[in-house]
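Given next are the chains, with one letter for each unit.
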Amino acid sequence: MESMPFKIFAGTNSRYLAEKICANLGCPLGKMNVEHFADGEFSVSYEESIRGAQVFLVQSTFPSSDNLMELLLMIDAAKRASARSIVAVIPYFGWARQDRKDKPRVSIGAKLIADLLQTAGINRLITMDLHADQIQGFFDVPVDHLYASAIYVDYIKGMDQSNLVIATPDVGGTKRASSYAKYFEIPMVICYKLRKKANEISEMQIIGDVQGMDVLLVDDIVDTAGTITKAANLMIENGARSVRAIASHAVMSDPASERVDQSALTEMVFTDSIPYSKKCEKVTIISVADVFANAIRRVCDNGSISSLYVL
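Report follows, based on the coordinates. (Residues numbered from 1 in each chain as written. Predicted model: local features only at pLDDT ≥ 70, side-chain atom pairs only at ≥ 80, totals over all residues. Heavy atoms only, no water.)

Each helix and strand counted, the protein chain has eight helices and 14 strands in total. Since a compact globule built from 311 residues should have a radius of gyration of about 19 Å, the 20 Å found for the protein chain is in line with a globular shape. Here the C-alpha coordinates of the protein chain stretch approximately 60 × 40 × 35 Å along the principal axes. Counting only residues that meet the buried cut, the protein chain has 54% of its 311 residues in that class. Within the protein chain, contacts between residues at least 6 apart in sequence are counted, and of these 62% link residues at least 24 apart. As displayed, the protein chain has an accessible area near 14300 Å², and 47% of this comes from carbon and sulfur atoms. (Helix = DSSP H or I, 4+ residues; strand = E, 2+ residues; numbered from the N terminus. Rg over C-alpha atoms; globule rule 2.2 N^0.38 Å. Buried < 20%, exposed > 50% of the residue type's maximum accessible area, 1.4 Å probe, protein only. Contact = heavy atoms within 4.5 Å. Areas by Shrake-Rupley, 256 points an atom, 1.4 Å probe, with all protein chains shown as cover.)

See the structure below:
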């Protein structure tokens, strides 16, 4: 890493994670200033030279869109300050659920964000658990797609697996849940849901048997928590002994925390890809800072990223 100078900078709302990443790498977090104006506009400036450096910009693009705009300004400022290469480190890639035209006259938001990032000037993207794997194909620069399974496998190993069954709260997550089930050689069940509209479920059914089992629900994003709490309650109604859940990104829009608290879930585990500050006794946060630090180290050393994949 000494032969390839690098610097790490953080957006305002991802600084907490960037500090952990820097602690793992044994390097200081770069100095950057974000100046806010009375009308809500803001500007970004680097407070140290980045000429000729490989720059890693840590910022998740969760709502509001200020996080995305701040990252775009960081990229543009780095490009104009003669950074040798610019790597966007986006633990949570916002707008990823808009990955296709599922009805007439809608935007493909994920493709638009990819275009914005590339136009701003990134040379590489490091992200984690994209809502849809094909989003990698929206980019014309290298994409290192990391997985939260790197930390969740250890979490599951610490559980009693004698009575464990992996479950997915919807059909779209079947591939993800199947990877865990195959790795641990345990059964899997699927929840099939019908939606009236976004964030509102009309019907849900279980495909498989959970009678007397300890269920572990696996998901990527929990937004309003309607799906995952309904799935957990349905598992208990169908004879499950206990229900826990793991998910990569804690979007947790209101009233998600209340729903988790009032649900049949024993525990809801997230990564810290998004800051979660609300009070919910059932929520546990596990850091992915080491995973991203290892990825950054390997990018700098031209090492293999695939060796970080557990599943």
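Applying the stated criterion across every chain yields a total of 14 salt bridges. D272 is the partner of K20 in a salt bridge, and the nearest nitrogen-oxygen pair spans 2.9 Å. You can see K20 sitting in helix α1 (residues 15-25) and its partner D272 sitting in the loop between β13 (267-271) and β14 (283-286), a full 252 residues away along the chain. You can call D272 buried: its relative accessible area is 3%. Residue D223 is joined to R97 by a salt bridge in which the shortest nitrogen-to-oxygen separation is 3.1 Å. (Salt bridge = Lys/Arg side-chain N within 4 Å of Asp/Glu carboxyl O.)

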